[in-house]
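Remarks on the overall topology
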Amino acid sequence: MCGIVGYIGERDAVSVLIESLKKLEYRGYDSAGLALLDGKGKSCVFKTEGEISRLESILPELPARIGIGHTRWATHGKPNTINAHPHVSGSISVVHNGIIENYLELKESLESEGFVFVSDTDTEVLAHLINKYYLKNPGDLAIAIRSALGEVRGSYALSVLSEEHPHELIAARKDSPLILGLGEHENFIASDIPAILKYTNRVIYMENLEMVRVKRDSVQVFDLDGNPRFKEEHIIPWNLEAAEKAGYPHFMLKEIHEQTNSIHETLAGRLQELEGDVIFDELDLDKEQIQNIHRIEIIACGTSFNAGLLGKYLFEGLTGIHTDVDNGSEFRYSNPVLTPSTLVIAITQSGETADTLAAVREATSYGCTTLAITNVVGSTISREASNIIYTRAGPEIGVAATKSFISQLVVLYLLVIHFARARSMMDADRVGKLLSELRKIPGHVSRILEDKENIQKCASRFAESKDYFFIGRNINYPIALEGALKLKEISYIHAEGYAAGELKHGPLALISEDVPVVAIAPQGHTYDKILSNIKEVKSRDASVIAIADSDDGEIAKYVDVVLTVPKTDFILTPLLTTVVVQLLAYYTALERDCSIDKPRNLAKSVTVE
Ligand code: F6R
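To start, this report covers the structure provided alongside it. Every value quoted in this text rests on a predicted model; they were computed, and no experiment measured them. (Residues numbered from 1 in each chain as written. Predicted model: local features only at pLDDT ≥ 70, side-chain atom pairs only at ≥ 80, totals over all residues. Heavy atoms only, no water.)

**Examining the overall build of the chain**
Here is the rule we go by: We count a stretch as a helix when DSSP gives it H or I for four or more residues in a row; a strand needs E for two or more, and each element gets its number in order from the N terminus. In this setup the radius of gyration rests on C-alpha atoms only. A globule is expected at 2.2 Å times the number of residues raised to 0.38. Residue burial is assigned from relative accessible area. The probe radius is 1.4 Å, only protein chains are included, and a residue is buried under 20% of its type maximum, exposed over 50%, and partly exposed in between. Residue contacts are counted whenever heavy atoms from the two residues lie within 4.5 Å of one another. Residue-level accessible areas treat just the shown protein chains as cover; the underlying method is Shrake-Rupley with a 1.4 Å probe. By the counting rule applied here, Lys and Arg register as positive and Asp and Glu as negative, while His and the ends of each chain are not counted. Charged groups are reduced to one reference atom each: NZ for lysine, CZ for arginine, CG for aspartic acid, CD for glutamic acid.
Tallying secondary structure elements over the chain gives 19 helices and 26 strands in all. Here the C-alpha atoms of the chain give a radius of gyration of 25 Å, agreeing with the 25 Å that 2.2 N^0.38 yields for 609 residues. With the C-alpha coordinates aligned to their principal axes, the bounding extent of the chain is approximately 80 × 55 × 45 Å. Expressed as a percentage of the 609 residues in the chain, the buried residues total 60%. Considering only residue pairs separated by 6 or more positions, the chain has 71% of its internal contacts joining residues 24 or more positions apart. For the chain, the exposed surface amounts to about 23,000 Å²; the carbon and sulfur share of it is 48%. If you average the places of the 61 positive and of the 84 negative side-chain charges in the chain, the two averages end up 1 Å apart.

Following this line, the structure appears as structure tokens:
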């Protein structure tokens with residue numbers, strides 16, 4: 001999730017754009033850039049890797065009144081100066097948020113027409129494509145952009161500046177946020193409200209497939225066929241801090257809500273329902289190499305470990321490859337049995353966790369192929385592992401991992417399906433059906449979010465508890481661990497996650513009427529078993545909160561509270577039950593007035609052993 005800004009008016013464009021970009025810094029970024037028209041109408045582009053202050057240090061005095069700016073959070077290509085935005089083709093400069101899914105095929109065709117690419121980004125394709133159409137039919141920049149967008153698959157919020165059109169900026173959006181700020185003899189473009197609040201609180205929200213021509217004294221919005229659109233102006237009552245959280249009281253809640261979009265981004269361009277396969281452009285493992293893997297060792301810490309544990313169930317269940325999961329901190333001191341036919345998968349949202357990095361180095365020294373699943377392009381792990389898959393969840397500010405976790409799960413599903421196809425363990429028909437179900441997951445997550453009052457009520461009811469248990473079986477056992485981890489880290493209630501069948505081997509001694517038990521129980525092959533486990537704890541007077549399918553008419557008879565998830569393929573249920581346990585932890589912490597985004601003693605990135 002990068003940041004976009006644009007300005008046209010009477011002020012010094014450089015200061016406005018820099019100030020606006022700084023207001024987007026909280027979202028995280030790895031490089032930044034500006035494109036401006038100088039006093040003579042000549043286009044100037046400045047960009048750097050690193051912080052906005054570094055960009056400021058290379059900016060000359062420039063009498064500019066129009067320009068666009070960007071902070072980049074890399075998805076394609078390393079976080080360096082060349083890949084930073086704006087990208088330029090001829091007289092046209094472009095900043096872009098989102099992912100152009102078909103950028104490789106567009107790039108090949110543009111290259112064959114003589115366009116020269118200098119970066120590894122998908123955005124540069126947009127700049128050349130717009131320029132191509134502009135060169136064919138000069139005069140109207142909006143028409144060229146519309147033609148280019150007609151060829152693009154994926155998501156975008158973009159803003160375009162052209163030397164040939166010194167009195168206007170054009171912007172457009174699809175599946176990536178974009179707003180307009182309205183002023184007196186000046187107007188603004190931004191991906192997020194905080195960017196413009198210093199200058200105006202009058203905004204227009206751009207909808208999907210809308211485009212806008214922004215001039216000093218007017219904004220004209222139209223659809224991608226060129227038909228005008230009437231847009232309402234809104235007044236933003238928020239202060240800046242609230243605006244950064246987009247109106248949510250905490251980043252954690254904002255990020256839980258963003259999961260609908262982050263799942264979508266993780267899937268983007270990777271599903272091939274018709275062929276019944278998944279593609280990972282970035283993966284350097286061919287079919288034969290995948291067939292030759294004899295064992296998978298997954299290494300991770302904390303929440304990422306819980307994702308890894310789900311990976312174990314999926315890899316063993318769907319690909320037949322024996323899989324182990326270890327904490328980074330344990331693995332490196334455990335004399336691991338590794339051979340060159342072991343694939344070592346490291347999962348880390350930050351890409352900087354010292355224990356996970358050390359374990360990857362250990363694995364590399366055994367000659368194993370390593371594959372990192374991370375959210376941060378350019379992180380240390382992305383430079384050290386032999387293969388990388390990015391989760392594309394966007395920057396996560398809350399210390400408690402939420403959207404980065406769900407995107408890790410999505411990557412694991414896709415990877416497992418890809419391996420299962422390569423090893424002929426799943427047929428195309430089954431894969432096609434599973435991928436279509438995966439596409440429905442963001443919609444299902446939205447439904448859970450719409451029903452969050454029920455989860456909040458349940459959280460309040462048990463917020464004074466001293467201990468909590470989370471139980472699950474099979475693929476929902478890792479989600480029981482994750483529910484307990486989330487609850488303990490942000491609400492400071494002691495919580496344990498257990499494989500439901502293990503209760504009777506000890507922990508049952510702790511169950512009493514004061515201990516709520518969350519039972520994750522969607523209908524699947526272990527449903528009857530977990531019903532028995534629910535009866536076990538119920539008969540010891542525990543209060544049971546069941547997380548169950550929306551069409552389960554049975555479970556309410558045995559439990560105190562039912563929190564439902566929409567019906568999906570059983571194998572995908574962890575993607576939904578996760579959202580419920582995240583919200584339960586969030587609302588419990590809220591009720592207990594805890595420091596939700598910055599829990600005591602914890603950090604977002606654990607770079608010490
Ligand atoms: C919990 C949490 C931590 C991290 C752990 C590993 O919400 O965020 O448990 O999961 O510190 O971090 P990464 O994934 O960055 O390696």
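**Regarding unusual backbone geometry**
Most peptide bonds adopt trans geometry, and most residues besides glycine take a negative phi value. Residue Pro86 follows His85 across a cis peptide bond; omega there is 0°. Following the sequence through the fold, Pro86 ends up in the loop between β4 (66-72) and β5 (87-89). Here His185, not a glycine, exhibits a phi torsion of approximately 55°, which is positive. Mapped onto the fold, His185 is located in the loop between β9 (179-182) and β10 (187-190). The phi angle at Leu209 is positive, at roughly 60°, despite the residue not being glycine. Inspection of the secondary structure puts Leu209 in the loop between β11 (202-205) and β12 (210-214).

**Regarding the packing of helix α8 (residues 259-267) against helix α14 (residues 403-422)**
Worth spelling out the cut-off: Helix axes use the C-alpha atoms of the stretch in contact, all axes being lines fitted to C-alpha atoms, and the angles between their N-to-C directions lie in the range 0 to 180 degrees. Oblique is the label for any angle not covered by the other classes, which are roughly parallel (under 35 degrees), roughly antiparallel (over 145) and roughly perpendicular (65 to 115). The crossing is said to be left-handed when, going from far helix to near helix, the turn is anticlockwise and less than a right angle, and right-handed when the turn is clockwise. Basically, the charged four are Asp, Glu, Lys and Arg, the nonpolar ten are Ala, Val, Leu, Ile, Met, Phe, Trp, Tyr, Cys and Pro, and anything else, Gly included, counts as polar.
Contact geometry for α8 and α14: axes closest at 9 Å, N-to-C directions at 30°. The pairing of α8 with α14 is recorded here as roughly parallel in orientation. Of the two possible hands of crossing, α8 and α14 adopt the one that is right-handed. The residues of α14 that touch α8, namely those facing Gln259, Ser262, Ile263, Thr266 and Leu267, are Lys403, Ile406, Ser407, Val410, Val411 and Leu414. Across the contact of α8 with α14, the residue classes tally to six nonpolar, four polar and one charged.

**Here we look at the site of the ligand**
Applied cut-off: We call a residue near a molecule or strand as soon as one heavy atom of that residue lies within 4 Å of the molecule or strand. Side-chain atoms alone can form a polar contact between residues adjacent in sequence; in general such a contact is a pair of N or O atoms within 3.5 Å, and within protein one must be able to donate a hydrogen while the other accepts it.
Around the ligand, the structure places 14 residues, and the nearest of them are Ser304, Thr348, Ser350, Thr353 and Glu489. Measuring from an oxygen atom of the ligand, one finds a backbone N or O atom of Thr303 at 3.0 Å. The contact in question runs from an oxygen atom of the ligand to an N or O atom on the side chain of Lys486, over 2.9 Å. Burial of the ligand by the protein chains amounts to 91% of its free accessible area of 400 Å². Elements that contribute at least two residues to the shell around the ligand include exactly α10 (302-319) and α17 (477-491). By residue number, the principal contributor to the shell around the ligand is α10, which donates three residues. When the residues that make up the shell around the ligand are grouped by side-chain class, the tally is five nonpolar, seven polar and two charged.

**Things to note about the sheet that holds strand β19 (residues 342-348)**
Basically, it comes down to this: Two strands are counted as paired when DSSP detects at least two bridges linking them.
One open sheet accounts for five strands, arranged β18-β17-β19-β20-β21; its pairing is parallel. The sheet terminates laterally at β18 (322-327) and β21 (387-390), the two strands that pair on one side only. Adjacent strand axes in the sheet meet at a mean angle of 20°, parallel and antiparallel pairs treated alike. Where strand β17 (residues 295-300) meets β18, six bridges bridge the pair, whose relative direction is parallel. Across the sheet, Ala300 pairs through a bridge with Asn327, a residue of β18. Here α10 sits on the sheet in contact with β17, β18 and β19, set at roughly 170° to β18. Across the sheet, helix α12 (residues 354-365) touches β17, β19 and β20 (369-374), and the angle it forms with β19 is around 165°.

**What about the pattern of salt bridges?**
One side chain can pair with another of opposite charge once the charged atoms of both are near each other. Applicable threshold: Take a side-chain nitrogen of Lys or Arg and a carboxyl oxygen of Asp or Glu: if they are within 4 Å of each other, that pair is a salt bridge.
Applying the stated criterion across every chain, the model contains 30 salt bridges. A salt bridge links Asp175 to Lys174; its shortest N-O distance comes to 3.9 Å. Residue classification places Asp175 among the partly exposed positions, given a relative accessible area of 25%. Assessed through its relative accessible area of 24%, Lys174 is described here as partly exposed. One salt bridge in this structure joins Arg295 and Glu297, with 3.2 Å as the shortest N-O distance.

**Examining the nonpolar core**
Heads up, the condition is: What is meant by a nonpolar core is a set of buried Ala, Val, Leu, Ile, Met, Phe, Trp, Tyr and Cys residues, joined one to another through side-chain atoms within 4.5 Å.
Counting residues in hydrophobic clusters, the biggest one holds 92 residues, and the most contacted among them are Ile345, Leu415, Phe419 and Phe470. For this core, the element with the highest residue contribution is α14, accounting for 14 residues. When neighbours within four sequence positions are excluded, Phe470 is seen to be in contact with Ala480, Gly483, Ala484, Leu487, Ala495, Glu496, Gly497, Tyr498, Val518, Val581 and Leu584. Counting 31 residues, the second-largest nonpolar core is a separate cluster that includes Val16, Ile52, Leu55 and Ala243.

**A short note on helix α16 (residues 452-461)**
Because the α-helix completes a turn every 3.6 residues, residues three or four places apart line up on one side. Note the following rule: As used here, the arc belongs to the directions running from the helix axis to the C-beta atoms.
For α16, the complete set of buried residues consists of Lys452, Ile455, Cys458 and Ala459. Projected onto a plane normal to the axis of α16, the buried residues spread over an arc of 115° and lie on a single side. Facing away from the buried side of α16 by more than 90 degrees, the exposed set consists of Lys457 and Arg461. The elements touched by buried residues of α16 are α7 (251-257), α15 (428-450), β25 (543-549), β26 (561-565) and α19 (574-591).

**A short note on the packing of aromatic side chains**
Our working rule: Within 6.5 Å between ring centres, the rings of Phe, Tyr and Trp (the latter by its six-membered ring) count as paired, and their orientation is classed by plane angle as stacked under 30 degrees, edge-to-face over 60, tilted in between. Whether a charge lies above a ring is judged from NZ of Lys or CZ of Arg, which has to be within 6 Å of the ring centre and within 35 degrees of the ring normal.
Evaluation of the coordinates by the stated rule reveals six aromatic pairs. Measuring from centroid to centroid gives 5.7 Å for Tyr468 and Phe470, while their planes differ by 25°, and the two rings are stacked. By relative accessible area, which is 1% here, Phe470 ends up buried. Each member of the aromatic cluster is reached from another via a ring pair, and the members are Tyr7, Phe188 and Tyr199. A cation over an aromatic ring shows up here: Lys535 above the ring of Tyr558, its NZ or CZ 4.5 Å from the ring centre. Across from the ring centre of Tyr492, 3.8 Å away, lies the NZ or CZ of Arg600, which sits over that ring.

**Overview of the packing of α15 against α19**
The geometry of α15 relative to α19 is characterised by a closest axis approach of 9 Å and an angle of 25° between their N-to-C directions. When the interaxial angle is binned, α15 and α19 end up roughly parallel. α15 and α19 meet at a crossing whose hand is right-handed. Note on element contacts: α19 touches α15 through Leu575, Leu576, Val579, Val580 and Leu583, opposite Leu438, Ile441, His444, Val445, Ile448 and Leu449. Residues that form the contact of α15 with α19 fall into these classes: ten nonpolar, one polar and no charged.

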